[in-house]
Amino acid sequence: MAIPRASNETSYLLPPNKEDWEGHGIPDFVYGQEELVMEGVQWPRGALSLLNTPPLSHFDSALCSAWRQRMELGLFRYPLGALPTQTLPGTVGFVAQLNVERGVQRRRPQNIKSVRQEFDPEQFNFNQIRPGEVLFRLHGKRDCPGTVQQEDILVVINVSPLEWGHVLLVPEPARGLPQRLLPGALRAGVEAVLLSSHPGFRVGFNSLGGLASVNHLHLHGYYLAHRLPVEGAPSEPLDPRGRLHVLQALPAPGFLFYTSRPGPDLEALVSRVCRATDYLTDCDIAHNLFVTRGAPPGKTSSSSALSGVRVILWPRKPSFGIKEGEAFNVALCELAGHLPVKTAQDFSSLTEAAALALIRECLLPPAQAEDVQAALVALIGQEEQ
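A few points on the structure. Computed from a prediction, not measured in an experiment: that's the story for all the values here. (Residues numbered from 1 in each chain as written. Predicted model: local features only at pLDDT ≥ 70, side-chain atom pairs only at ≥ 80, totals over all residues. Heavy atoms only, no water.)

Along a regular strand, successive side chains alternate from one face of the sheet to the other. With five of five residues buried, strand 8 (residues 219–223) lies mostly within the body of the structure. Going residue by residue along strand 8, you find Leu-219, Gly-221 and Tyr-223 tucked away on one face and His-220 and Tyr-222 tucked away on the opposite face as well. Relative to strand 8, strand 6 (residues 167–171) runs antiparallel, the two sharing three bridges. Each bridged residue has a counterpart across the sheet, and for Leu-169 the counterpart in strand 8 is Leu-219. Pairing of strand 7 (residues 201–206) with strand 8 involves four bridges; the strand directions are antiparallel. If you follow Val-203 over to strand 8, its bridge partner there is Gly-221. (Buried < 20%, exposed > 50% of the residue type's maximum accessible area, 1.4 Å probe, protein only. Helix = DSSP H or I, 4+ residues; strand = E, 2+ residues; numbered from the N terminus. Pairing = 2+ DSSP bridges.)

Here it is, written out as structure tokens:
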């Protein structure tokens, strides 16, 4: 997917000579709270791409121009063109995409045995990536009293992209953090969604046992020019103060956190979500998380009303090792309704019923799901009134 070259983003591009890449240094993308796009982002009536979206934000221009250059320079495992895409017939609205190369050429997942597994410097980690794979350092200014200082986050290309603009958000890789969600990483992910003016830029997290293939703290971010079911799916409150909701709609039940304001409200959401994921990790319960613009919680919502940020958390059965022979693996994007399919045969024959069956196999048994819900409701209820 091509986009116009942005003349004011050359600082995020690599020098023309490969020999100069190592000494190039990592450019900073510094942003203030005023750059978070809180209003006016919505889906157009017609088809959307990076070409016909409203004016790209500063963040979009920086990411897309640098990402496109790395693709042109051959730093990915395979070139990514327009992916065959279809919305599966049915009531859910699954967006299926054929991505054969990712299924074949992505890095073999590490040997993970526990959601709580420690970081192993002998395994592949993001301190080993090649010069040029880092696009920039994401750093949020915190000028207002009461705001939390943002740690530096490296924005790195995913060399096996599932869609256009697929990057990893990696907090200070030299610290050797295991794949356990931390507030600074989640805050950067939520703010990255808000820095984009494109309604289809999403961020997500896979825990160990939730199909994270590298045990080194990272989140995924990517563009998908299609609406997804979770943006406007109806929800029921689990907390009288509206701090926690449950999505019962297909494709999978999950816990919904929502904010429409930066500052203290966003900080409260980050703290709330991370306390939930800490509980799941401590209990060795695998989980996936998805951050997208969406409608406020409620029983009826319009998927075109992207008035805030939805963070959806799915506890799930653990899954370790490579899964062969399935049309798709179930992780953060599949639970949200985006299905990267591995083979042309599966892409042409996949039905909504078959997709739902694959996803249901990964969900917690009903009794355990009820216990987790009760525990999270109690956890949220412990917040100061």
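Okay, the sheet that holds strand 7 next. Spatially, 1-4-5-6-8-7-12-13-11-10-9 is the arrangement adopted by the 11 strands of the open sheet, whose pairing is mixed. Each having just a single partner strand, strand 1 (28–31) and strand 9 (235–237) make up the two edges of the open sheet. Between one strand and the next, the sheet's axes are offset by a mean angle of 25°, whatever the strand orientation. Taken together, the three bridges between strand 10 (residues 245–247) and strand 11 (residues 254–259) define a ladder with antiparallel strand orientation. (Axes fitted to C-alpha atoms, helices over the stretch in contact; angles between N-to-C directions.)

Before going further, it helps to spend a moment on unusual backbone geometry. A cis amide bond, omega 15°, links Leu-250 with the succeeding residue Pro-251. In this structure, Pro-251 sits in the loop between strand 10 and strand 11.

Take the packing of aromatic side chains next. Given two aromatic rings, their pairing is described by the distance between the two centres and the angle made by the two planes. What the rule picks out here adds up to 10 aromatic pairs. With a centroid separation of 5.4 Å and 35° between ring planes, the pair formed by Phe-29 and Phe-136 is classed as tilted. Here Phe-29 is found in strand 1, whereas its partner Phe-136 is found in strand 4 (residues 134–140), with 107 residues between them in sequence. The exposure class of Phe-29 is buried, given its relative accessible area of 0%. Ring geometry for Phe-124 and Phe-126: centres 5.9 Å apart, planes at 80°, overall edge-to-face. For Phe-124, a relative accessible area of 19% gives the class buried. Connected via pairs of aromatic rings, a cluster forms that spans Tyr-12, Phe-29, Phe-59, Phe-136, Phe-201 and Tyr-223. (Phe/Tyr/Trp six-rings, centres within 6.5 Å; stacked < 30°, edge-to-face > 60°.)

Quick look at the packing of helix 4 (residues 264–282) against helix 8 (residues 366–381) now. Packing of helix 4 against helix 8 brings their axes to within 10 Å, and their N-to-C directions diverge by 140°. When the axes of helix 4 and helix 8 are compared, the pair comes out oblique. The two elements helix 4 and helix 8 cross, and the hand of that crossing is right-handed. When helix 4 is examined against helix 8, the residues Arg-272, Arg-275, Ala-276, Tyr-279 and Leu-280 are found in contact with a partner set consisting of Val-372, Ala-375, Leu-376, Leu-379 and Ile-380. (Parallel < 35°, antiparallel > 145°, perpendicular 65-115°, else oblique. Left-handed = near helix turned anticlockwise from the far one by under 90°. Contact = heavy atoms within 4.5 Å.)

One can describe the packing of helix 3 (residues 183–195) onto helix 4 by two numbers: an axis separation of 9 Å at closest approach and a directional angle of 130°. Here helix 3 lies oblique to helix 4, going by the angle between them. The two elements helix 3 and helix 4 meet at a crossing, and its hand is right-handed. In this structure, helix 3 uses Pro-183, Leu-186, Arg-187, Val-190, Glu-191 and Leu-194 to contact helix 4, whose residues at the interface are Leu-266, Glu-267, Leu-269, Val-270, Val-273 and Cys-274.

Let us now look at helix 7 (residues 352–360). When helix 7 is considered as a whole, its buried residues turn out to be Glu-352, Ala-355, Leu-356, Leu-358 and Ile-359. Burial along helix 7 is one-sided: seen end-on, the buried residues are contained in an arc of 160°. (Arc of directions from axis to C-beta.)

So, on to the sheet that holds strand 2 (residues 85–87). Two strands in a sheet stick together by hydrogen bonds in their backbones, pointing the same way (parallel) or opposite ways (antiparallel). Taken in spatial order, the three strands make up an open sheet running 2-3-14, and their pairing is mixed. Two strands lie at the open edges of the sheet, namely strand 2 and strand 14 (338–341), each paired on one side alone. The average undirected angle you get between the axes of adjacent strands in this sheet is 20°. Relative to strand 3 (residues 95–98), strand 2 runs antiparallel, the two sharing three bridges. Paired with Thr-85 across the two strands is Gln-97, which belongs to strand 3.

Here we come to the nonpolar core. The biggest cluster of nonpolar side chains holds 66 residues, and the ones touching the most others in it are Trp-67, Phe-136 and Phe-257. Looking at which element gives the most residues to this core, the answer is helix 3, with eight residues. (Core = buried A, V, L, I, M, F, W, Y, C linked by side-chain atoms within 4.5 Å.)

Once that is clear, we can look at the pairing of strand 12 (residues 286–294). Of all nine residues that make up strand 12, nine are buried, and the element is covered over most of its length. Every second residue of strand 12 is oriented toward a common face, with Ala-286, Asn-288, Phe-290, Thr-292 and Gly-294 on one face and His-287, Leu-289, Val-291 and Arg-293 on the other, all of them buried.

Counting along an α-helix, one turn takes 3.6 residues, and residues three or four places apart therefore face a common direction. Taking 1.5 Å per residue, 13 residues should reach 18 Å; helix 3 reaches 18 Å between its end C-alpha atoms and fits that length. Within helix 3, 12 of the 13 residues are buried, leaving the element largely enclosed by the surrounding structure. Among all positions in helix 3, only Gly-184, Ala-185, Leu-186, Arg-187, Ala-188, Gly-189, Val-190, Glu-191, Ala-192, Val-193, Leu-194 and Leu-195 are buried. (Expected span 1.5 Å × (residues − 1).)

Before going further, it helps to examine the pattern of salt bridges. Scanning all chains against the criterion turns up 13 salt bridges. With a shortest N-O distance of 3.4 Å, Arg-180 and Asp-278 are connected by a salt bridge. Note that Arg-180 is positioned in the loop between strand 6 and helix 3 and Asp-278 in helix 4, a separation of 98 residues in sequence. What makes Arg-180 partly exposed here is its relative accessible area of 26%. (Salt bridge = Lys/Arg side-chain N within 4 Å of Asp/Glu carboxyl O.)

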